[in-house]
Structure formats: structure tokens, C-alpha cells
Amino acid sequence: MTDPVRSVAFHALRAVSEDDAYVNLVLPAMLDEHHIEGRDAAFATELVHGTLRRRGTYDAVIDHVASKGIGSVDAPVLDALRLGTHQLLSMRVPPHAAVSTTVDVVRREIGHKPVHFANALLRKIGQKDLDGWLAIVTAGLEGHAARAVRTSHPLWVVEALHEALGGHGAQIDKLLAADNVPPRVTLVARPGLSTPESLPGTPGKLSPYARVLDEGGDPGEIAEVRDGRAGVQDEGSQLVAIALADAMLDGQDSRWLDLCAGPGGKAALLGALAAQHGATLVANEVQEHRAELVRHGVRRLRNVDVTVFDGREGPWDAGSFDRVLVDAPCTGLGALRRRPESRWRRSPGDLDDLVPLQQALLTRALELVRPGGVVAYATCSPHVRETRGVVDAVTSGRDDVVVESSHQWWPHVDGTDAMFCALLRRR
């Protein structure tokens, strides 16, 4: 390959588009396979992640420039054009290099037939900067429709986030902007296994166990992370485990449950916190391959038992746990800055399947916790249907459950993923 970095970027984007691959998994594997490191790896990462984040804006530009519209462009060519457009409009790549290297990728990876088309289209795009194109592609649009194109979010996501923010216009603009800023790597020191002071970086803003790597770098090179004494975990995720562990509890406090534990970040912190209380943790996951990730994450903790069951039907006795975490499967709209492809994969229809599942899992958790015990219901989504809507639906008409608190963290306010957590107590 004459330009292995851009070729890897192209294949990573194709895997995400065609195979529903996760960019945080497929790209590092490709970089390792082709021995791409250092600045080249950083360039490829920005190229792929940035293209995915800004895809909505770039598609609007490509649709405007293509004489027959974006629908006439074959999928592999479109992915190459997106990569070229990102270099032209959002990276410090000289225009001639952005065009020529992208055309080379088209020629080498797709074939000669679309070369002339790609070259001509990219040259047109390179005639204006991003602001110039935004003025063109948002002309005649107002409100959320303009925001969706300008900030590269699906319109339904913009509307849902605006509702979750209580309809505050200034806040939605800040949130959408924050979604397009790559998050810094945040570490967690698992209590009893390591301390924050033993880790590189600066102290976190909200979690006492957090350290933030301001300079980036590979967390896998940190000894504490390699051997499971620490991990990579957003502060919002840390705060959910801390909230459950810190909740006041009368009587016994020896048996905890993480009902939906995969991939294991919260389970590892919760297990470490449980050990501080002299408690054991059952970390349950419905899928075996994700349960294996949980086992790896908690491998240093002797008080954690990993099980594989559908959380709605597990073999546990009613009232047999003191604390229960329900980190429910959700749309992931709170982690769009971290998982840029998610915004293009989700649809409003997904909620019709997820919300009943979330309600069933929370209902089951309330059956499994003892009277006086506490349940934490969490989602990495601020969508009202997945957060307050689920809690209200499950607790409505019940006099044996009280909602003690609920909190929503935000990227633009707290620097975390948009994580929701409600604490519920059985009377």
C-alpha cells in the first residue's frame, strides 16, 4: 500500500458502514495488523473518528455537490469521499494532498471507474471552507433542522436531547458541540487495588478515584491497567457505582448484584467498593462473550462471582440482595462523543424494544432487593423515555418503593458522558 494509513482508515470506515463494526474495536486491530504507530496511528484515529462524527454535515455537502445527489454514489465511494471531505474541511491537510491521497485510495481500493468522479467532486468541495459550506447546506433551514446539519446529529436525536434538557435552546447547542469533541482518556483506581496517586494524569473533576490523561497516550502501557488494578472508565460511569455503594443502608450489607454487568467497568469498581464493605458481588451478564469481558475486568477481585443469565429470569431468590445495580441496555445517546458511529445506527424505533426491556429489568431488580435495600437504575442515555419515563412507569402505583434521588450528568456541564442514575429504595 502506497499510503497504508489512509487505506486502513478507509477499511475501518467500510467495516463500520457495511459490517456494523465498532470503531473502537476494529480500528486498533487494523493499526496493529499493519504496524501503524505513533503519529500515523493518531492521524488515522482522528481521520476515522472525525469522519464518523461529522458524517451528517459531510453528507449534506456531498449531496449538494453531486449532480445526481448522494443517493447515486456507491457506498464504498461515499466512504472514501467522506474521508476526503473531513481532511479538506476539518483537518490541517493541504487541499491538494487531501484530494490526491483520497483519489489514490479510490483507485487502489475500489477501481479506476469512479476516480474521475471522486477527483472532480473533492475539488469542488475544496473550494470552500467548512463555514462556507455550512452556510450553503443550512440555507432555508431553521431551529432543530439547521442544528442537525450543522452539528452532524440526526434530527430525532437533536429533538430528544432538547427535550431531556428541558427545552433550553442555549444548552442544546452546547451539548451538541460537546458531542463532537473527543473525550479525554479517564482512568479509575479500583480501591483496595490501587490509588489515584499511583496513576498518571490529573485528578478527576467528580470521582475521587479518577485520573485524566491530558496528553492522551495508550492506557495499556500503564502497569496498573494491564494487571486489572485500575481501568479506563468515564467519570459518569464511576459515579453510578459510587452512588449505589454510598447509599445509606440499615441492617445487613453483604450481598450485592450487578444485573447487567457487561462489559464490566462498573462491575469492577462496584466489586472493589463491595470488598471495602465486606460484601460479595454477583456480576451477571446475559451474553457469554460479554461475561468473559467481565471476568477479565474483575480478575483481581476475589469477592466477585460472574454469572450468565437473562437478568429478568435469573435463579436468585426474591429479596436476597442488599444493593442492586441495573445498568440497562439503552440507545447510548449519552456517549456519542465516545462512540461516534452510534448516532447513525440508532433510530426512534429502537426505543420500542429497549424501554420494555429496561422496565422489566428494573422491576426484577426491585423484586431481588430486600426491604430496606437500594437499587440504582442507570442508563448511558438522557432520553426521557429511557430515564424518567422508565422509573415513573415502574414505580407508578407502588407504595413499597420510593425514588430517593435521580441525577443526569452531561458532557457540556460535567465533562462526562450523559449518564443518568436514579436510586430507589424498597420500603
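Details of the structure are given in the entry above.
Residues numbered from 1 in each chain as written. Predicted model: local features only at pLDDT ≥ 70, side-chain atom pairs only at ≥ 80, totals over all residues. Heavy atoms only, no water.

Asks: Describe the packing of aromatic side chains, naming the residues involved and giving the relevant values.
Replies: The full count for this structure, using the stated rule, is three aromatic pairs. Taken together, a centroid distance of 5.9 Å and an interplanar angle of 85 degrees make the contact between F309 and W316 edge-to-face. On the basis of relative accessibility, which here comes to 11%, the residue W316 falls in the buried class. Taking 6.4 Å as the distance between ring centres and 70 degrees as the angle between the ring planes, the aromatic pair formed by Y377 and F420 counts as edge-to-face. Remark: F420 occurs in strand β11 (residues 420-426) and Y377 occurs in strand β9 (residues 369-379); sequence separation between them is 43 residues. Here Y377 matches F420 in class, with each residue buried. Each member of the aromatic cluster is reached from another via a ring pair, and the members are F309, W316 and F321. Here the basic side chain of R345 rests over the ring of Y22, its NZ or CZ set 5.3 Å away from the ring centre. (Phe/Tyr/Trp six-rings, centres within 6.5 Å; stacked < 30°, edge-to-face > 60°. Buried < 20%, exposed > 50% of the residue type's maximum accessible area, 1.4 Å probe, protein only. Helix = DSSP H or I, 4+ residues; strand = E, 2+ residues; numbered from the N terminus. Lys NZ or Arg CZ within 6 Å of the ring centre and 35° of its normal.)

Asks: Hey, could you go over helix α2 (residues 23-33) for me, with residue numbers and the actual values?
Replies: Those residues of α2 lying buried are V23, V26, L27, M30 and L31. Down the axis of α2, the buried side of the element spans an arc of 130 degrees, and every buried residue falls inside it. Turned more than 90 degrees from where α2 packs its buried face, L25, D32 and E33 sit exposed. Summarising the contacts, the buried residues of α2 are in contact with α1 (4-19) and α3 (38-53). (Arc of directions from axis to C-beta. Contact = heavy atoms within 4.5 Å.)

Asks: Outline the sheet that holds strand β5 (residues 255-258), supporting the account with residue identities and numerical values.
Replies: Across the sheet, seven strands lie side by side as β7-β6-β5-β8-β9-β11-β10; this open sheet has mixed pairing. Because the sheet does not close on itself, it has two edges, and the strands there are β7 (304-307) and β10 (401-408). Neighbour to neighbour, the strand axes of the sheet diverge by 15 degrees on average, direction disregarded. Bridge analysis of β10 against β11 gives seven bridges, and the strand direction is antiparallel. Residue pairing for β11: S406 is matched across the bridge by A422. Across the sheet, helix α13 (residues 235-246) touches β5, β8 (321-327), β9 and β11, and the angle it forms with β8 is around 160 degrees. In the packing of helix α18 (residues 388-395) onto the sheet, the strands contacted are β9, β10 and β11, and the crossing angle to β11 comes to about 15 degrees. (Pairing = 2+ DSSP bridges. Axes fitted to C-alpha atoms, helices over the stretch in contact; angles between N-to-C directions.)

Asks: Explain the packing of helix α4 (residues 55-65) against helix α7 (residues 115-125) to me, using residue names and the numbers behind them.
Replies: Where α4 meets α7, the closest approach of the two axes is 10 Å, and the angle between their N-to-C directions is 110 degrees. Considering the angle they form, α4 stands roughly perpendicular to α7. In this structure, the crossing between α4 and α7 has a hand that is right-handed. Contacts between α4 and α7 involve V61, I62 and V65 on the former and, on the latter, L121, K124 and I125. (Parallel < 35°, antiparallel > 145°, perpendicular 65-115°, else oblique. Left-handed = near helix turned anticlockwise from the far one by under 90°.)

Asks: Lay out the sheet that holds strand β3 (residues 210-213) with the relevant residues and their values.
Replies: Here we have four strands laid out as an open sheet, ordered β2-β3-β1-β4, and antiparallel in their pairing. For this open sheet the edge positions go to β2 (202-203) and β4 (230-232), each flanked by a neighbour on one side alone. Where β2 meets β3, two bridges bridge the pair, whose relative direction is antiparallel. Across the sheet, the residue bridging to T202 is V212, located in β3. Sheet strands in contact with α13 are β1 (185-189) and β3, and its direction is about 25 degrees off that of β1.

Asks: Would you mind going over the pairing of strand β6 (residues 280-284) in detail, with residue names and values included?
Replies: It is a general feature of regular strands that their side chains alternate between the two faces of the sheet. Burial analysis of β6 places four of its five residues in the buried class, which makes it a mostly covered element. Looking at chain direction, β5 and β6 are connected through four bridges and run parallel. Along β6, the bridge assignment pairs W256 with L281. For the segment spanning β5, helix α14 (residues 265-276) and β6, crossover handedness is right-handed. Looking at chain direction, β6 and β7 are connected through four bridges and run parallel. If you follow N284 over to β7, its bridge partner there is T307. Each parallel crossover has a hand, and for β6 linked through helix α15 (residues 288-297) to β7 it is right-handed. (Right-handed = clockwise from strand over helix to strand, strands pointing away.)

Asks: Lay out the side chain of R6 in plain terms, naming residues and giving numbers.
Replies: Looking at where R6 falls in the secondary structure, it is placed in helix α1. Polar contacts involving the side chain of R6 include one to the side chain of D3, which spans 2.9 Å. Polar contacts involving the side chain of R6 include one to the side chain of T101, which spans 3.0 Å. R6 has contacts with F43, L47, Q87, V93, T101 and V105, leaving out every residue within four places of it along the chain. (Polar contact = N/O pair within 3.5 Å; in protein donor to acceptor, adjacent residues only side chain to side chain.)

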